[in-house]
Amino acid sequence: MEGGLVLLGGGNGDASSRVSTDESAVLPKVEVVSEACSSYPAESELELGLGLSLGWGGGATGKSKGANSSWGECGRILTAKDFPSVVSQRTNNGGPSGTKRAAESVSHESGSPTGASQVVGWPPIRAYRMNSLVNQAKAQRGDEGDSGIVEKDKPKDALKKKLNCNGKQTTVNEKGHLGFVKVNIDGIPIGRKVDLNAHSSYESMAHALEDMFLRSANSVEKEPLTMASKLLDGSSEFVLTYEDKEGDWMLVGDVPWRMFVSSVRRLRIMRPSEANGLGMKCTSKTYSENQ
Amino acid sequence: MESSELKRSKDSVNSCESARRSSFPDEVLERVLSLLKSHRDRSSVSLVCKDWYNAERWSRTHVFIGNCYSVSPEIVARRFPRIRSVTLKGKPRFSDFNLVPENWGADIHAWLVVFAAEYPFLEELRLKRMAISDESLEFLAVSFPNFKALSLLSCDGFSTNGLAAIATHCKNLTELDIQENGIDDIGGSWLSCFPESFTTLEVLNFANLTSDINFDALEKLVGRCKSMRVLKLNRSVSLEQLQRLLVNAPQLAELGTGLFSQELTIREYEELESALSNCKNMHTLSGLWDATGIYLPALYLACTHLTFLNLSYAALQSVELAKLLAHCPQLKRLWVLDTVEDKGLEAVGLNCPLLEELRVFPADPFDDEIVHGVTEAGFVAVSFGCPRLHYVLYFCRQMTNAAVATIVQNCPDFTHFRLCIMNPGQPDYLTNEPMDEAFGAVVRTCTKLQRLSVSGLLTDLTFEYIGRYAKNLETLSVAFAGRSDWGMQCVLGGCPKLRKLEIRDCPFGNAALLSGLEKYESMRSLWMSACNVTMNGCRLLAREMPWLNVEVMKEDGSDDSQADKVYVYRSIAGPRRDAPPSVLTL
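Parameters at a glance
- Residues numbered from 1 in each chain as written.
- Chains lettered and ligands numbered in written order.
- Predicted model: local features only at pLDDT ≥ 70, side-chain atom pairs only at ≥ 80, totals over all residues.
- Heavy atoms only, no water.
- Helix = DSSP H or I, 4+ residues; strand = E, 2+ residues; numbered from the N terminus.
- Buried < 20%, exposed > 50% of the residue type's maximum accessible area, 1.4 Å probe, protein only.
- Contact = heavy atoms within 4.5 Å.
- Areas by Shrake-Rupley, 256 points an atom, 1.4 Å probe, with all protein chains shown as cover.
- Rg over C-alpha atoms; globule rule 2.2 N^0.38 Å.
- Lys, Arg positive; Asp, Glu negative; His and termini not counted.
- Charge placed at Lys NZ, Arg CZ, Asp CG, Glu CD.
- Salt bridge = Lys/Arg side-chain N within 4 Å of Asp/Glu carboxyl O.
- Pairing = 2+ DSSP bridges.
- Right-handed = clockwise from strand over helix to strand, strands pointing away.
- Axes fitted to C-alpha atoms, helices over the stretch in contact; angles between N-to-C directions.
- Nonpolar A, V, L, I, M, F, W, Y, C, P; charged D, E, K, R; others polar.
- Disulfide = S-S within 2.5 Å.
- Parallel < 35°, antiparallel > 145°, perpendicular 65-115°, else oblique.
- Arc of directions from axis to C-beta.
- pLDDT = per-residue confidence, 0-100.
- Polar contact = N/O pair within 3.5 Å; in protein donor to acceptor, adjacent residues only side chain to side chain.
- Phe/Tyr/Trp six-rings, centres within 6.5 Å; stacked < 30°, edge-to-face > 60°.

## Considering the overall build of chain A
If you tally the helices and strands in chain A, you get ten helices and five strands. Counting only residues that meet the buried cut, chain A has 50% of its 291 residues in that class. A separation threshold of at least 6 residues defines the contact pool for chain A, and within that pool the share at least 24 residues apart is 61%. About 13,400 Å² of surface is accessible on chain A, with carbon and sulfur atoms providing 52% of the total.

## Overview of the overall build of chain B
Check the secondary structure of chain B and you find 22 helices and 23 strands. The C-alpha radius of gyration of chain B comes to 26 Å, within 12% of the 25 Å expected for a compact globule of 586 residues. With respect to the three principal axes, the spread of C-alpha positions in chain B is 70 × 65 × 55 Å. Residue burial in chain B is summarised as follows: out of 586 residues, 62% are buried. The averaged location of the 72 negative side-chain charges in chain B is 8 Å from the averaged location of its 60 positive side-chain charges.

## Quick word on the pattern of salt bridges
Residue and element names in this part refer to chain B. Applying the stated criterion across every chain, the model contains 32 salt bridges over all chains. Here Glu56 makes a salt bridge to Arg79, at a shortest N to O gap of 3.7 Å. Of the two residues, Glu56 sits in helix 5 (residues 50-59) while Arg79 sits in helix 6 (residues 73-79), which places them 23 residues apart along the sequence. Judged by relative accessible area, which is 24%, Arg79 ranks as partly exposed. Between Glu502 and Arg93 there is a salt bridge, with its nearest N and O atoms 2.6 Å apart. Of this pair, Glu502 sits in strand 19 (residues 500-504) while Arg93 sits in the loop between strand 2 (85-89) and helix 7 (109-118), placing them 409 residues apart in sequence. Neither residue differs from the other here; Glu502 and Arg93 are each classed as buried.

## Here we look at the pairing of strand 1 (residues 62-65) of chain B
Residue and element names in this part refer to chain B. Covered by surrounding structure in strand 1 are Val63 and Ile65 only, the residues His62 and Phe64 on the alternate face being uncovered. Alignment of strand 1 against strand 2, held across four bridges, turns out to be parallel. If you follow Ile65 over to strand 2, its bridge partner there is Leu88. Between the parallel elements strand 1 and strand 2, the chain passes through helix 6 in a crossover that is right-handed.

## Considerations on the packing of helix 4 (residues 39-46) of chain B against helix 5 of chain B
Residue and element names in this part refer to chain B. Two numbers describe how helix 4 lies on helix 5: the axes approach to 8 Å, and their chain directions differ by 145°. Two secondary-structure elements touch here, helix 4 through Arg42, Val45 and Ser46 and helix 5 through Trp52, Tyr53, Glu56 and Ser59. Residue classes in the contact of helix 4 with helix 5 are distributed as three nonpolar, two polar and two charged.

## Digging into unusual backbone geometry
Between Trp122 of chain A and Pro123 of chain A the backbone carries a cis peptide bond, its omega angle lying at -5°. Position of Pro123 of chain A among the secondary structure elements: in the loop between helix 4 (98-109) and helix 5 (127-143). One non-glycine residue, Leu288 of chain B, adopts positive backbone phi at about 55°. Considering the arrangement of structural elements, one finds Leu288 of chain B in the loop between strand 11 (284-286) and strand 12 (308-310). Overall, the relative accessible area of 0% leaves Leu288 of chain B in the buried class. Unlike most non-glycine residues, Asn432 of chain B shows phi in positive territory, near 70°. Relative accessible area serves as the criterion here: at 11%, Asn432 of chain B is assigned to the buried category.

## A short note on the environment of Val491 of chain B
With respect to the helices and strands, Val491 of chain B occurs in helix 19 (residues 485-493). When sequence neighbours within four positions are dropped, the list of residues in contact with Val491 of chain B reads Phe463, Ile466, Gly467, Leu476, Leu498, Leu501 and Lys519 of chain B.

## Considering the state of the cysteines
Residues and elements named next belong to chain B. One pass over the structure, following the stated rule, counts zero disulfides over all chains. Left unpaired, Cys303 is separated from the closest cysteine sulfur, that of Cys328, by 3.9 Å. Judged by relative accessible area, which is 0%, Cys303 ranks as buried. There is no disulfide at Cys446, and the cysteine sulfur nearest it, in Cys411, is 8.4 Å away.

## Concerning the side chain of Ser151 of chain B
Examined against the element boundaries, Ser151 of chain B turns out to sit in strand 4 (residues 149-153). Filtering out sequence-adjacent residues up to four positions away, Ser151 of chain B remains in contact with Leu125, Arg126, Leu127, Glu175 and Asp177 of chain B.

## A look at the environment of Ala438 of chain B
Residues and elements named next belong to chain B. Counting through the fold element by element, Ala438 comes out in helix 17 (residues 436-445). Spatially, the C-alpha atom of Ala438 lies 9.8 Å from that of Leu458, the residues being 20 residues apart in sequence. Filtering out sequence-adjacent residues up to four positions away, Ala438 remains in contact with Asn401 and Val404.

## What to know about the packing of helix 13 (residues 318-325) of chain B against helix 14 (residues 341-351) of chain B
Residue and element names in this part refer to chain B. In the contact formed by helix 13 and helix 14, the axes pass within 8 Å of each other and the chain directions differ by 10°. With respect to their mutual orientation, helix 13 and helix 14 come out roughly parallel. Contacts between helix 13 and helix 14 pair Ser318, Leu321, Ala322 and Leu325 from the former with Lys343, Gly344, Ala347, Val348 and Asn351 from the latter. By residue class, the composition of the contact of helix 13 with helix 14 is five nonpolar, three polar and one charged.

## Overview of helix 3 (residues 26-33) of chain B
Residues and elements named next belong to chain B. If you check which residues of helix 3 are buried, you get Leu29, Glu30, Val32 and Leu33. Buried residues of helix 3 fall within an arc of 160° about the axis and therefore sit on the same side. Along helix 3, the residues that are exposed and aim more than 90 degrees away from the buried face are Glu27 and Arg31.

## Digging into the confidence of the model for chain B
Mean pLDDT over chain B stands at 92; residues scoring 70 or higher make up 95%. Of the two predicted TM-score estimates for the complex, the pTM is 0.70 and the ipTM is 0.87.

## As for the pairing of strand 22 (residues 565-570) of chain B
All names here are of chain B. With five of six residues buried, strand 22 is to be regarded as a mostly interior element. Pairing between strand 20 (residues 525-529) and strand 22: five bridges, direction antiparallel. Bridging from a neighbouring strand, Met528 pairs with Val566 of strand 22. Here six bridges tie strand 21 (residues 548-553) to strand 22, and the two strands are oriented antiparallel to one another. Bridge assignment links Glu551 to a residue of strand 22, and that residue is Tyr567.

## A few points about helix 4 of chain B
Residue and element names in this part refer to chain B. The set of residues buried in helix 4 consists of Arg42, Val45 and Ser46. Taken around the axis of helix 4, the buried residues stretch over an arc of 95°, which confines them to a single face. Capping of helix 4 at its N-terminal end is provided by Ser38; its side-chain oxygen lies 3.1 Å from the backbone amide nitrogen of Arg40.

## Focus: the packing of aromatic side chains
Residues and elements named next belong to chain B. Tallied over the full model, the rule gives 29 aromatic pairs over all chains. With a centroid separation of 6.5 Å and 35° between ring planes, the pair formed by Tyr69 and Tyr569 is classed as tilted. Residue Tyr69 is found in the loop between strand 1 and helix 6, and its partner Tyr569 is found in strand 22; the two are separated by 500 residues along the sequence. A single burial state applies to Tyr69 and to Tyr569, both of which are buried. Judged by centre distance (5.8 Å) and plane angle (75°), the ring pair of Trp190 and Phe206 falls under edge-to-face.

Written out as structure tokens, the structure reads:
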């Protein structure tokens with residue numbers, strides 16, 4: 001059907017060409033305009049006016065809601081379908097650039113992190129079970145006389161307290177005994193997680209983060225740990241920040257490592273322009289003092 | 001036994017074709033075939049020859065209909081005159097996750113009307129994902145004097161008033177099993193509708209309901225139904241009330257407690273513990289809402305012969321679970337919440353060598369911020385300790401290819417492998433690679449695999465593996481995966497035993513859809529939502545395959561040409577006439 005459609009240059013792996021051949025053999029040609037809405041490559045700046053309707057080379061960009069028939073329109077509502085392609089972009093540097101399209105469009109348009117919580121019917125848990133969980137959480141919060149502060153920690157603390165009413169103190173910290181905290185980097189909605197228990201210093205953690213975010217997945221060489229992390233000494237284009245227990249955002253490295261580990265809730269790798277107001281940047285000398 | 005008898009019968013039929021009427025009476029054949037229980041065996045038998053077809057249809061007493069729209073009640077009644085038990089499944093499975101419009105269909109009423117006329121002696125009705133109204137329940141209650149067993153799983157459209165009708169009118173009821181339904185819970189008075197003279201109940205499951213029931217009525221009911229073997233209470237029943245019930249029903253084989261949290265005196269606790277331990281036949285335990293460490297020990301003595309423990313409504317921690325499992329050496333099936341974490345699962349591996357099924361549900365599926373729950377380590381730990389594991393449903397936030405490879409090496413007998421990495425499209429968190437190799441390992445190693453749910457970042461390679469190796473796969477669920485049509489084409493081109501394929505949010509389009517033309521007739525159904533299928537592709541499919549019903553559900557505001565949700569299924573009843581306006585039949 002959409003066999004008559006012009007395909008995006010450089011954006012379609014073999015699969016798409018296979019598709020279009022099949023299609024033109026099987027289906028009558030159809031007005032192409034209405035199909036253009038299906039995918040909005042972010043390189044749309046370059047390729048406005050073209051669109052691929054079916055089976056592109058990569059990425060899990062499904063149909064887009066709210067898309068209309070205008071050519072090369074970028075204004076579509078992002079759905080969870082975009083996420084896999086974002087991740088695959090980072091992991092599949094050599095892959096079909098079809099993946100990149102959706103990924104970049106996501107990075108341009110999305111501001112907030114997205115994950116399992118924003119997709120209809122996902123994770124696949126029966127409505128009945130979800131209602132039970134919600135009722136359970138409500139019951140817990142109700143019992144604890146919650147003041148209504150909408151902190152995500154609260155219900156879990158309440159639950160844990162209730163479960164330990166035999167008087168034993170548990171040492172489960174707010175992150176759970178795994179020690180994982182979520183890390184987001186500006187420009188990519190899906191975050192990663194880093195296990196703080198696996199590190200004993202800022203340098204070690206920063207190197208891990210750099211490996212995770214700022215290097216190609218296939219890179220084999222790793223800088224020796226003795227070299228100062230670019231993230232920490234200010235020579236990187238990014239700045240490492242964290243949210244503490246009180247909800248304040250701070251520059252990483254201000255406090256001793258142990259204190260940091262016990263108070264950090266999550267991390268964010270920011271662009272310097274957004275890090276204004278977080279205080280002076282620390283030098284690497286400060287880090288070694290604080291370890 | 002059955003197969004050798006059948007073989008002999010078949011040989012004798014074939015060898016004396018002309019004399020068959022005198023040498024092999026139909027009654028004998030019917031008698032032999034009546035011993036066949038499996039509906040698949042019966043389907044095979046009915047294809048042998050005309051005589052066998054007839055003998056089979058006259059001897060069949062239970063009919064299983066996996067898709068209520070694949071056949072009409074009239075056709076069923078015409079073919080099988082002596083049915084006493086019916087199992088019907090309706091909506092596509094993704095309706096459980098709110099992906100199917102409210103009024104989609106699968107209403108039982110038309111079936112009941114035909115059954116009332118053709119099967120007045122109907123005894124059992126088991127429904128899954130059907131719509132059933134209170135009027136239908138009342139009609140059921142008064143139309144079938146011999147009615148014995150009603151089981152409703154994941155159904156909707158009814159309220160407790162309908163249950164009241166069943167309780168009031170079904171004098172011979174042995175089973176009332178209400179599970180995980182969208183029921184309108186108006187109040188608990190329905191339970192008081194069982195007459196004083198009523199004593200036949202064997203199975204009572206109302207765990208689904210939330211409102212208070214009249215405990216006095218329940219206590220009397222349990223007291224006079226001496227054959228009761230399954231009792232699953234709802235949250236409103238307290239520990240103290242549980243104890244009173246158990247004292248009168250020590251014969252229970254399956255128990256679902258109510259709320260497992262209450263202030264008890266020492267004496268009350270001991271009485272509870274004693275009542276529980278007196279249930280010597282108990283092999284299944286569930287309920288346990290809000291169970292805490294304090295009262296779990298009351299269960300210890302009752303767990304000795306336990307084979308199925310459902311803790312999926314109790315947010316236990318690892319230590320509590322470990323202590324409990326030490327008393328459950330016979331456990332074969334375990335359902336838990338991921339609050340038990342990897343340490344809890346290590347305890348599973350250590351204490352439950354006979355374990356065959358494990359389900360780990362997320363306590364907090366929508367909280368991305370704080371990480372907790374289980375990881376690949378927990379799953380691996382279970383696989384080392386439980387080599388007989390063959391059914392797994394595992395919700396987690398991280399997984400690696402290496403871990404899955406280890407798991408299936410330890411447990412090669414998987415028949416059901418359902419892995420849900422909750423963040424859509426997430427790669428192997430250590431190597432950053434897609435999870436292709438994980439599922440490749442699963443399908444290569446687990447040759448008995450019947451059901452597979454995949455997740456995480458997956459390219460078409462996963463589907464190449466599935467198509468190539470999963471020879472026994474019957475059900476495949478895919479979400480946020482694949483790169484191109486090729487993936488789906490691999491599955492449709494391989495997997496000879498595929499019956500159900502459900503796909504959401506994948507880049508599969510018309511080429512993929514149309515590559516399975518012949519395949520769909522050997523399948524029960526195909527679901528594709530939020531993929532790249534268009535209306536024209538669906539129309540073509542419908543045109544080419546007259547025995548398939550092709551239904552498209554459109555969403556508000558979507559493009560006219562996109563087929564947002566597609567449901568394709570084979571049917572001998574033709575297109576259905578009860579579809580709501582949002583469902584287009586092509």
